[in-house]
Amino acid sequence: MAPNLSSSTFERRSPPIKLAELSSLSAADSAAINAVLARLKNLPGALLPILHGVQDALGYVPKDAVPVIAKSLNLSRAEVHGVISFYHWYRTEKPGEHVLHLCRAEACQAVGGRALEAHVKTTLGIDFHETTADGRYTLEPAYCLGNCAVGPSLMIDGALKGRVTADRFDRLTGVTA
Amino acid sequence: MSALKEAVTIYVPRDSTAISLGADEVAAAITAEAARIGLDIKLIRNSSRGMFWLEPLVEVATDAGRIGYGPVQPEDVASLFAAGLTHGARHPLSLDLVEEIPYIKNQERLTFARAGITDPVSLADYRAHDGYNGLTNALAMEPAAIIAAVTDSGLRGRGGAAFPAGIKWKTVAGAEGAQKYIVCNGDEGDSGTFADRMVCEGDPFVLIEGMTIAGVAVGATRGYIYLRCEYPYGERALNEAIKAAYAANWLGANIQGSGKHFDLEVRMGAGAYICGEETSLLESLEGKRGMVRFKPPLPAIKGLFGCPTVINNVITLASVPIILDKGAEHYKNFGVGRSRGTLPVQLAGNIKHGGLVEKAFGVSLRDLLYTFGGGALSGRPIRTVQVGGPLGAYIPDSQFDLPLDYEAYAKVNNMVGHGGITVFDDTVDMAEQARFSMEFCATESCGKCTPCRIGSTRGMEVIDRLVAGDQPVKQEALLRDLCDTMLAGSLCALGGMAPFPVLSALNHFPEDFQKSSQQQTPRVRVAS
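Because the structure is a prediction, the values reported are computed rather than measured.

Novice: I'd like a rundown of the overall build of chain A, residues and numbers included.
Specialist: Regarding its fold elements, chain A presents eight helices and five strands. The N-to-C order of helical and strand elements in chain A reads α-α-α-α-α-β-α-α-β-β-β-β-α. Out of the 177 residues belonging to chain A, those deemed buried represent 50%. Once local pairs closer than 6 in sequence are excluded, the contacts in chain A between residues at least 24 apart make up 59%. In the form shown here, chain A has an accessible surface area of approximately 9200 Å², with 53% of it arising from carbon and sulfur atoms.

If you want it as structure tokens, here you go:
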């Protein structure tokens, strides 16, 4: 015999937490996210385009954007979080003023990529996925920027740079250790 | 009557490798210098020829043909004009007729026929260079005849798996489904490869045309180009070209009055290498985590959103228009054995003349590395090359005479893959490279199957112990056993092929894994 589950078993003990109260999204950020959703939510397979749209607009995907996106696509928050955390490109922390993508892959390794990586980390005083204390640079690894004949390669805010020596890196960023 | 004289045409590539070396600054300097000296010029941002050591390569149209100068930096521009650049005069950076440069002259360019020649986003330029001849022919053919032409050409998937394209198309054509899709795999994540990028940036119409032909052939009305987000320049060029194709009715409803319909959209990836695996890519396009699917069902039967889907690599689809234009026989006449046509080889890493070499199958690595590539950039001996990306084997000099051919490579556990060749000189540490292969696999594993998810991390640890000289015989046996499990037990090529670079490093360069044990037990010299 099935257990008799009275409706009170499922009664909430406390009122549900209103997401809006916990959200730290500014009015401007909310507006930006809603604009992206309005533009893209009806695409088939809309989640990746939406996350790109939010990250392009705000520089990152704030964790408080997750329930808003989930609700609009009729997905669970876990599903949206799962997608964000699966893809290396999406970040959930506000990045520095400039985002550097440094190539770590074999073709760059063959022309001094490893030494450049060490130089970049020492010069900026940070590891991958970190932002400098002054908030100027965020450093991310890339596994190939498709610039494999003229490495080592670096992307600065989407602009590709080839044959990046330690000197050239210092000149491009104006940072010295 | 100098006022009536036509403005001289100057070309500066918009290819991202050229830009990464200063092409935008050179283009700006040329415009500024021409204005300063009061000269009327027409500046075209062409695509790259794929001779990257010469970039930024500036070309000038003359009566004799296109004269090149390179590599040009902004500070060279004034002296180039002073020397008479506009009529192709000599200068220390002169390369004379670009088409006569042996690197270009000795290639067989079919897929890359327009590379470096046209303005990538000009539909008129594309049309003037045989563009849309293939689709025009296809629109007059029965769908089955289009598929037969692709099958007869011998074209195989250029993404790495080398599956016959015509057979895949035929399966989709025969599958039941109200909606079918053409998906282009532009998630070119292999290090040492950039051919897909060059098509997207340098000749986007050829990809659009190839996908439209595929759509007409199998009855698909919708296509997606899944492009990796590391390629923002490619995204811009593709979107410009798609817009132009729609405006001229080469996309959309009733294409050129044929009654055929094809819509096309670019979707950006998000930095996951695994999404280059076709089923993972489809999951990603559906807006999900890029987890590999079990096969069967094949994507041809149940692909995107559960519908029959053709999924092909950029180069595969970009090779279709010339097959429909010049005929299957023309394409098939290039190549050897069961590897028909041409392969755009990408010379990368430590190589003097890095770039794109499109050759018929059958060319040897030695030819590519020395005749085309000119040896290592560092001037040191080439010790090894990795062919086929991060999952490809490290090949030693003793195998450099192997002909580039899918079957010949597979026979010795190497793979042609997407045709990327990454060159290393004799300073490379092969134990470090083997460790990186495992590290890369651990970073990029989707996590669905255990051999890949856990094996890669354990592999890193075992290599660390092996190199540290901690019970090396035991560690090597363990590493080989682990590689065997990954090879046989992984769900897709990531875990299933990551052992190739590891084992090839271990087999061909065992001395690199023994450094530490040699250091710890130095040979004792007997005083004489």
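Now, onward.
Novice: Account for the pairing of strand β14 (residues 382-387) of chain B, naming residues and giving values.
Specialist: Residues and elements named next belong to chain B. With six of six residues buried, β14 is to be regarded as a mostly interior element. Both β14 and strand β16 (residues 420-425) contribute to a ladder of five bridges, which runs antiparallel. Counterpart to V385 in the pairing with β16 is V423. Both β14 and strand β15 (residues 394-396) contribute to a ladder of three bridges, which runs antiparallel. Residue pairing across strands places T384 opposite P396, the latter belonging to β15.

Novice: Pulling in residues and values, what's your account of the packing of aromatic side chains?
Specialist: Throughout the structure, instances matching the rule amount to 16 aromatic pairs over all chains. Relative to Y132 of chain B, the ring of Y126 of chain B lies with its centre 5.4 Å away and its plane at 90°, an arrangement referred to as edge-to-face. The exposure classification of Y126 of chain B matches that of Y132 of chain B, with both residues buried. Cluster of aromatic residues (ring-pair linked, three or more members): Y143 of chain A together with Y273, F436 and F440 of chain B. Over the ring of Y11 of chain B we find R66 of chain B; its NZ or CZ atom is 3.5 Å from the centre of that ring. Looking at R236 of chain B, its charged tip hangs above the ring of Y233 of chain B, at a distance of 5.0 Å from the centre.

Novice: Let's hear about the sheet that holds strand β6 (residues 181-186) of chain B: which residues, and what values?
Specialist: All names here are of chain B. With parallel pairing, four strands are arranged side by side in an open sheet as β8-β7-β6-β9. The two strands at the open ends of the sheet, each matched to only one other strand, are β8 (263-268) and β9 (309-313). Put simply, the sheet's adjacent strands are angled 20° from each other on average, direction ignored. Across six bridges, strand β7 (residues 222-227) lies against β8 in parallel orientation. Bridge assignment links R222 to a residue of β8, and that residue is D263. Taken strand by strand, helix α11 (residues 232-247) contacts β7 and β8, and its axis lies near 165° from that of β8.

Novice: Mind laying out helix α13 (residues 314-326) of chain B, listing which residues take part and the relevant values?
Specialist: Spacing of three or four residues puts side chains on the same side of an α-helix, whose turn is 3.6 residues. Residue and element names in this part refer to chain B. Of all the 13 residues making up α13, eleven are buried; the element is thus mostly covered by neighbouring parts of the structure. Those residues of α13 that sit buried are V314, I315, T316, L317, A318, S319, V320, P321, I322, I323 and L324. Positive backbone phi, at 100°, marks G327, one or two positions downstream of α13.

Novice: Explain the pattern of salt bridges to me, using residue names and the numbers behind them.
Specialist: Residue and element names in this part refer to chain B. If you walk through the whole model with that rule in mind, you get 38 salt bridges over all chains. The salt bridge partner of K359 is E108, with a shortest N-O separation of 3.4 Å. Of this pair, K359 sits in strand β13 (residues 355-360) while E108 sits in the loop between α4 (102-105) and α5 (123-128); the two residues are 251 residues apart in sequence, bridging distant segments of the chain. Using a relative accessible area of 15% as the deciding quantity, one classes K359 as buried. What makes E108 partly exposed here is its relative accessible area of 25%. Across the pair R222 and D263 runs a salt bridge whose closest N-O atoms are separated by 4.0 Å. Here R222, found in strand β7, pairs with D263, found in strand β8; they are 41 residues apart in sequence, far enough to count as distant. You can call R222 partly exposed: its relative accessible area is 22%. Residue classification places D263 among the buried residues on the basis of a relative accessible area of 18%.

Novice: Describe in detail the domain arrangement of chain A, supporting the description with residues and values.
Specialist: Each assigned domain of chain A is listed with its residue range as follows: domain 1 (26-94) and domain 2 (98-173). Of note, the centres of domain 1 of chain A and domain 2 of chain A, computed from C-alpha atoms alone, are 27 Å apart.

Novice: Just give me the short version of the packing of helix α17 (residues 430-444) of chain B against helix α22 (residues 499-508) of chain B, but keep the residues and values in it.
Specialist: When two helices pack together, you describe them by how their axes are tilted relative to each other and by the distance separating the axes. Residue and element names in this part refer to chain B. α22 packs onto α17 with a crossing angle of 165° between their chain directions and a minimal axis gap of 8 Å. What the angle tells us is that α17 and α22 run roughly antiparallel. Considering only the axes of α17 and α22, their crossing is left-handed. Across the interface between the two elements, M430, A434, S437 and M438 from α17 touch P501, V502 and A505 from α22.

Novice: So what's going on with the sheet that holds strand β3 (residues 137-142) of chain A? Residues and values would help.
Specialist: Residues and elements named next belong to chain A. Spatial strand order, β2-β3-β1-β4-β5: five strands in an open sheet with mixed pairing. Lying at the two open borders of the sheet, with one neighbouring strand each, are β2 (130-131) and β5 (159-161). Bridge count between strand β1 (residues 98-103) and strand β4 (residues 154-156): three bridges; the pairing is antiparallel. Its bridge partner lying in β4, L102 is registered against L154. This element, helix α7 (residues 113-124), spans β1 and β3 of the sheet and lies at about 155° to β1.

Novice: I'd like a rundown of empty space enclosed by the protein, residues and numbers included.
Specialist: Residue and element names in this part refer to chain B. Throughout the structure, instances matching the rule amount to three cavities of 30 Å³ or more. One number sums up the size of the largest cavity: a volume of about 60 Å³. Every residue lining the largest cavity is listed: I274, V292, S445, C446, G447, K448, C449, C452, L491, C492, L494 and G495. Residue composition of the lining of the largest cavity, by class: eight nonpolar, three polar and one charged. Reported here for the second largest cavity is a volume of approximately 50 Å³. Forming the walls of the second largest cavity are 13 residues, and the residues nearest its centre are F112, A115, M198, G202 and D203. The dominant element in the lining of the second largest cavity, judged by the number of residues it contributes, is helix α9 (residues 195-202), at three residues.

What counts as what
Residues numbered from 1 in each chain as written. Chains lettered and ligands numbered in written order. Predicted model: local features only at pLDDT ≥ 70, side-chain atom pairs only at ≥ 80, totals over all residues. Heavy atoms only, no water. Helix = DSSP H or I, 4+ residues; strand = E, 2+ residues; numbered from the N terminus. Buried < 20%, exposed > 50% of the residue type's maximum accessible area, 1.4 Å probe, protein only. Contact = heavy atoms within 4.5 Å. Areas by Shrake-Rupley, 256 points an atom, 1.4 Å probe, with all protein chains shown as cover. Pairing = 2+ DSSP bridges. Phe/Tyr/Trp six-rings, centres within 6.5 Å; stacked < 30°, edge-to-face > 60°. Lys NZ or Arg CZ within 6 Å of the ring centre and 35° of its normal. Axes fitted to C-alpha atoms, helices over the stretch in contact; angles between N-to-C directions. Salt bridge = Lys/Arg side-chain N within 4 Å of Asp/Glu carboxyl O. Domains from an automatic or database assignment. Parallel < 35°, antiparallel > 145°, perpendicular 65-115°, else oblique. Left-handed = near helix turned anticlockwise from the far one by under 90°. 1 Å grid on protein atoms, 1.4 Å probe; cavity = no way out; pocket = protein on both sides within 12 Å on 5 of 7 lines; lining within 4 Å. Points joined across faces, edges and corners; volume = space filled by probe spheres on them. Nonpolar A, V, L, I, M, F, W, Y, C, P; charged D, E, K, R; others polar.

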